[in-house]
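Single-letter residue listing:
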Amino acid sequence: MTKILFVCHGNICRSPMAEFVMKDLVKRAGREEEIFIASAACRRDEIGADTYLGTREKLDEMGIPYERRQAVQITRDDYDRYDLIIGMDAENMRDLNRLSPGDPAGKFHRLLEFAGEARDVADPWYTGDFARAYEDISRGCEALLKTLCPDPATTKTKGI
């Protein structure tokens, strides 16, 4: 099983959006038994908070199911638990590098790299632009799924 952890600053906007978008994509591809998905915060600001209203509204608009949850913070043990740890922006990547200097197993990635883009997913907490965050996250998650399952209808997942 491939285990994916999405991270952002507070685990209330971008990383839960990515978690729920990816879960929906994986479910539609029939890969739920092969890919486990979760999300966490790099910082402690929002620990215990549910997914932010703007994120929930955008997921509702797009028909993406989600559940009530509480923001959690990533831990050093998560480096061993997950195969991929995917940040949303350069600040998240700096935070991740404090977990495991040098990322010896090559687990850390910025989401949009899977879509061939070397840029951040802007934080809608600050921009208010949940539509743009959703577009970026969807593009990144779709590309990630294609990386894991080049032909989701016929092939098994491959490790990265």
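Everything that follows concerns the structure shown earlier in this document.
For clarity, every value in this text was computed on a predicted model and none was experimentally measured.

Student: Break down the pairing of strand S3 (residues 84-87) for me, with residues and values.
Tutor: The side-chain alternation of S3 yields two buried faces, one formed by Leu84 and Ile86 and the other by Ile85 and Gly87. As defined by bridge partners, strand S1 (residues 2-8) adjoins S3 across 4 bridges and the pair is classed as parallel. Counterpart to Phe6 in the pairing with S3 is Ile86. In this sheet, strand S4 (residues 108-110) lies alongside S3 in parallel orientation, the contact comprising 3 bridges. When the sheet's bridge partners are listed, Gly87 is paired in S4 with Arg110. The parallel pair S3 and S4 is bridged by helix H4 (residues 90-99), and the resulting crossover is right-handed.

Student: Give a description of the nonpolar core that names residues and reports values.
Tutor: One finds Ile4, Phe6, Met22, Ile137, Cys141 and Leu144 to be the most contacted residues of the largest nonpolar core, which totals 34 residues. For this core, the elements supplying multiple residues, two or more each, are S1, helix H1 (14-28), strand S2 (35-41), S3 and helix H6 (130-148). The element that contributes the greatest number of residues to this core is H6, accounting for 9 residues. The next biggest cluster of nonpolar side chains, apart from the first, holds 13 residues, and it includes Leu5, Ala38, Ala40 and Cys42.

Student: Go over the pattern of salt bridges, please, and point to the residues and values.
Tutor: One pass over the structure, following the stated rule, counts 19 salt bridges. Among the ionic pairs, Arg81 bridges to Asp78, the shortest N-O distance being 2.7 Å. Of this pair, Arg81 and Asp78 both sit in helix H3 (residues 77-81), separated by 3 residues, roughly a single helical turn. Taking relative accessible area as the criterion, Asp78 reaches 9% and is therefore assigned buried. Through salt bridges with shared partners, a single network forms among Glu117, Arg119, Arg132, Asp136 and Arg139.

Student: Talk me through the environment of Thr75; I want residue IDs and the actual numbers.
Tutor: For Thr75, the location among the structural elements is in the loop between helix H2 (53-62) and H3. When its relative accessible area of 34% is taken as the criterion, Thr75 is described as partly exposed. Taking the C-alpha atoms as reference, Thr75 lies 23 Å from Leu112; in sequence the two are 37 residues apart.

Student: Just give me the short version of H6, but keep the residues and values in it.
Tutor: With 19 residues, H6 extends 26 Å between its outermost C-alpha atoms, agreeing within 8% with the 27 Å of an ideal straight helix rising 1.5 Å per residue. For H6, the full list of buried residues reads Phe130, Ala133, Tyr134, Asp136, Ile137, Ser138, Gly140, Cys141, Ala143, Leu144, Leu145 and Leu148. Turning to H6, the residues buried within the fold contact S1, H1, S2, H2, S3 and helix H5 (124-127).

Student: Tell me what's going on with the side chain of Asp89, and back it up with residues and numbers.
Tutor: With respect to the secondary-structure elements, Asp89 resides in the loop between S3 and H4. Its relative accessible area of 11% is what places Asp89 among the buried residues. A distance of 2.9 Å separates a polar atom in the side chain of Asp89 from a polar atom in the side chain of Arg14. Within the structure, the side chain of Asp89 is placed 2.8 Å from the backbone nitrogen of Asn92, a separation counted as a polar contact. Apart from the residues lying within four places of it in its own chain, the contact partners of Asp89 are Arg14, Arg110, Asp120 and Val121.

What counts, and at which threshold
Every chain is numbered on its own, with residues counted from 1 as its sequence reads. Whole-chain, interface and lining totals are the exception, using all residues; otherwise, since this is a predicted model, local features are given only for residues with pLDDT of at least 70 and side-chain atom pairs are given and counted only at 80 or more. Calculation of side-chain values draws on the structure's entire complement of heavy atoms; hydrogens and water are dropped beforehand. Burial classification: accessible surface area is computed with a 1.4 Å probe over protein chains only, and a residue below 20% of its type maximum counts as buried, one above 50% as exposed, and the rest as partly exposed. Numbering of helices and strands runs from the N terminus; a helix is a DSSP stretch of H or I covering at least four residues, while a strand is a stretch of E covering at least two. By definition, two strands form a pair when at least two bridges between them are found by DSSP. Orient the strands so they point away from the viewer, and a crossover whose first-strand-to-second-strand path over the helix runs clockwise is right-handed. Residue types Ala, Val, Leu, Ile, Met, Phe, Trp, Tyr and Cys, when buried and joined through side-chain atoms within 4.5 Å, form a set referred to as a nonpolar core. Salt bridges are identified by distance alone: a Lys or Arg side-chain nitrogen within 4 Å of an Asp or Glu carboxyl oxygen. The span expected for a helix works out to 1.5 Å for each residue beyond the first. Contact criterion: two residues are considered in contact whenever any of their non-hydrogen atoms come within 4.5 Å of each other. A 3.5 Å cut-off defines polar contacts: any pair of N or O atoms within that distance qualifies, except that in protein one atom must be a possible hydrogen donor and the other a possible acceptor, and neighbouring residues in sequence count only when both atoms are side-chain atoms.

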